[in-house]
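Single-letter residue listing:
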Amino acid sequence: MATRSGKPLLSRDDWARAALRAIERGGVKGVAVDRLAKEFETTRGSFYWHFHDRDDLIAAALELWERENTTDRLGVVLSIDDPLQRLKAVVAEVYERPVDEIEVTLVSEAHEPPVAAVFARVTQARLDVLRSTLVEVGLPEAEAERRAWLAYALYLGHHQLLRNPDLAARGPASMQFVIRLLTSP
């Protein structure tokens, strides 16, 4: 990281990542420019070099989260030609990764204005990939739509349950049953 007078020169991305950590800890309301500047041991001037205001910072943080947790990942998944292998990759990606605490927080704030549009876009993109993959596996469009919705709801609930160690321990050892559930006639 570049420095000036021994202090780090912060990028727009540095601020956005810090805002995501703040969202993880306290939701969108937890994003406070002064607190972030203090954590960085810098002034608000660094913040204003990159952003117009707090809302601009929150938008950048949510866009970063969307890109890294949906847009980039879906590109990798969609590069898998075989639809059954693609579905298996999606299930492995979703159910075998650690809980994304930021996403869990955003789910609970999906109705809030700064989060609503991004969360809706992310959800729709993920549902579209699930639906189209299930259609390619051989399900009729309407059934694929219903099962995609069910799979996504299962994903959201799964990550909520994993936050509680007692409940997480009761979960299935393998998510292969999800594949069978989603693809059975």
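A short tour of the structure in this document, coming up. In this text, all values refer to a predicted model and were calculated from it rather than measured experimentally.

## Digging into the overall build of the protein
And step 1. Each helix and strand in the protein was counted, giving ten helices and two strands.
And step 2. In the protein, the succession of α and β elements from N to C terminus is β-β-α-α-α-α-α-α-α-α-α-α.
And step 3. Taken along its principal axes, the extent of the C-alpha atoms in the protein is 65 × 35 × 30 Å.
And step 4. Considering only residue pairs separated by 6 or more positions, the protein has 68% of its internal contacts joining residues 24 or more positions apart.

## Description of unusual backbone geometry
And step 1. Even without being glycine, Glu-41 reaches a positive phi, approximately 55°.
And step 2. Mapped onto the elements of the fold, Glu-41 is located in the loop between α2 (33-40) and α3 (44-50).

## Regarding the nonpolar core
And step 1. Judged by nonpolar contacts, the single largest core of 50 residues is most densely connected at Trp-15, Val-31, Leu-36, Leu-57 and Leu-106.
And step 2. Elements with a minimum of two residues in this core: α1 (12-26), α2, α4 (54-78), α5 (83-95), α6 (101-108), α7 (113-137), α8 (141-162) and α10 (176-183).
And step 3. With nine residues, α4 is the largest single contributor of residues to this core.

## So, the packing of α5 against α7
And step 1. Two numbers describe how α5 lies on α7: the axes approach to 8 Å, and their chain directions differ by 145°. The element α5 and its partner α7 pack so that their crossing is left-handed. In this structure, α5 uses Pro-83, Leu-84, Arg-86, Leu-87 and Val-90 to contact α7, whose residues at the interface are Leu-130, Thr-133, Leu-134, Glu-136 and Val-137.
And step 2. Each residue belonging to the contact of α5 with α7 can be placed in one class, and the counts come to seven nonpolar, one polar and two charged.

Parameters and conventions
- Residues numbered from 1 in each chain as written.
- Predicted model: local features only at pLDDT ≥ 70, side-chain atom pairs only at ≥ 80, totals over all residues.
- Heavy atoms only, no water.
- Helix = DSSP H or I, 4+ residues; strand = E, 2+ residues; numbered from the N terminus.
- Contact = heavy atoms within 4.5 Å.
- Core = buried A, V, L, I, M, F, W, Y, C linked by side-chain atoms within 4.5 Å.
- Buried < 20%, exposed > 50% of the residue type's maximum accessible area, 1.4 Å probe, protein only.
- Axes fitted to C-alpha atoms, helices over the stretch in contact; angles between N-to-C directions.
- Left-handed = near helix turned anticlockwise from the far one by under 90°.
- Nonpolar A, V, L, I, M, F, W, Y, C, P; charged D, E, K, R; others polar.

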